[in-house]
Amino acid sequence: MAHIDIAERTAQAVSQAIITSDKSLRSVADETGIPISTLRRKIKGVGEFAPSELYRLSLALDTTVGDLIPADVLTGKVA
């Protein structure tokens, strides 16, 4: 159950970072090389972002990988 929660919560953080960046989903997909269909699916919480995808997203969104992963997930204290 926590596995799904982590994917969903990371997806929410990525989605929020995209909104905050003021970039379109298409431009983020183009900049990261992640197919837009894959990006849409993963933002919906279907599947997980690979570490390499989070890294590329952090570069495109001018943030850190740590900002794209909820703090309790990083510390291992997921309820």
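All of these numbers come straight from a predicted model, not from anything done at the bench. (Residues numbered from 1 in each chain as written. Predicted model: local features only at pLDDT ≥ 70, side-chain atom pairs only at ≥ 80, totals over all residues. Heavy atoms only, no water.)

Colleague: Is there a simple way to think about the side chain of serine 58 in this case?
Modeller: Here serine 58 lies in helix α4 (residues 51–60). When its relative accessible area of 4% is taken as the criterion, serine 58 is described as buried. Here tyrosine 55 takes part through its backbone oxygen, which lies 2.6 Å from a polar atom of the side chain of serine 58. (Helix = DSSP H or I, 4+ residues; strand = E, 2+ residues; numbered from the N terminus. Buried < 20%, exposed > 50% of the residue type's maximum accessible area, 1.4 Å probe, protein only. Polar contact = N/O pair within 3.5 Å; in protein donor to acceptor, adjacent residues only side chain to side chain.)

Colleague: What exactly am I supposed to notice about the nonpolar core here?
Modeller: Note on soluble globular proteins: their nonpolar side chains tend to be buried together. By size, the foremost hydrophobic cluster in this structure holds 17 residues, and its most contacted members are Val14, Leu39, Phe49, Leu54 and Leu57. For this core, the secondary-structure elements that each account for two or more residues are α1 (2–21), α2 (25–32), α3 (36–43) and α4. Broken down by element, this core gets its largest block of residues, four residues, from α1. Residues contacting valine 14, with those up to four places away along its chain left out, are Ile43, Phe49, Leu54, Leu57 and Leu68. (Core = buried A, V, L, I, M, F, W, Y, C linked by side-chain atoms within 4.5 Å. Contact = heavy atoms within 4.5 Å.)

Colleague: Would you take a moment to explain the packing of α2 against α3 for this structure?
Modeller: To characterise two packed helices, one gives the angle between the axes of the helices and the distance between these axes. For the pair α2 and α3, the least separation of the axes is 9 Å and the interaxial angle reads 115°. One way to sum up the angle between α2 and α3 is to call them roughly perpendicular. Taken as a pair, α2 and α3 cross one another with a handedness that is right-handed. Across the interface between the two elements, Leu25, Arg26, Val28 and Ala29 from α2 touch Ile36, Leu39, Arg40 and Ile43 from α3. Of the residues in the contact of α2 with α3, the class split is six nonpolar, no polar and two charged. (Axes fitted to C-alpha atoms, helices over the stretch in contact; angles between N-to-C directions. Parallel < 35°, antiparallel > 145°, perpendicular 65-115°, else oblique. Left-handed = near helix turned anticlockwise from the far one by under 90°. Nonpolar A, V, L, I, M, F, W, Y, C, P; charged D, E, K, R; others polar.)

Colleague: Would you mind going over α3 with me for this structure?
Modeller: Residues spaced three or four apart along an α-helix point in a common direction, a consequence of the helix completing one turn every 3.6 residues. Among the residues of α3, those classed as buried are Ile36, Thr38, Leu39, Lys42 and Ile43. Viewed along the axis of α3, the buried residues span an arc of 160°, placing them on a single side of the element. (Arc of directions from axis to C-beta.)

Colleague: Explain the packing of α2 against α4 to me, please; I cannot follow it from the model alone.
Modeller: It is the contact of α2 with α4, at a shortest axis distance of 9 Å, that shows an interaxial angle of 120°. Considering how the two elements wind past one another, α2 and α4 form a crossing that is right-handed. Across the interface between the two elements, Val28, Glu31 and Thr32 from α2 touch Arg56, Leu57 and Ala60 from α4. Across the contact of α2 with α4, the residue classes tally to three nonpolar, one polar and two charged.

Don't take any of this as a statement about function, it's just geometry.
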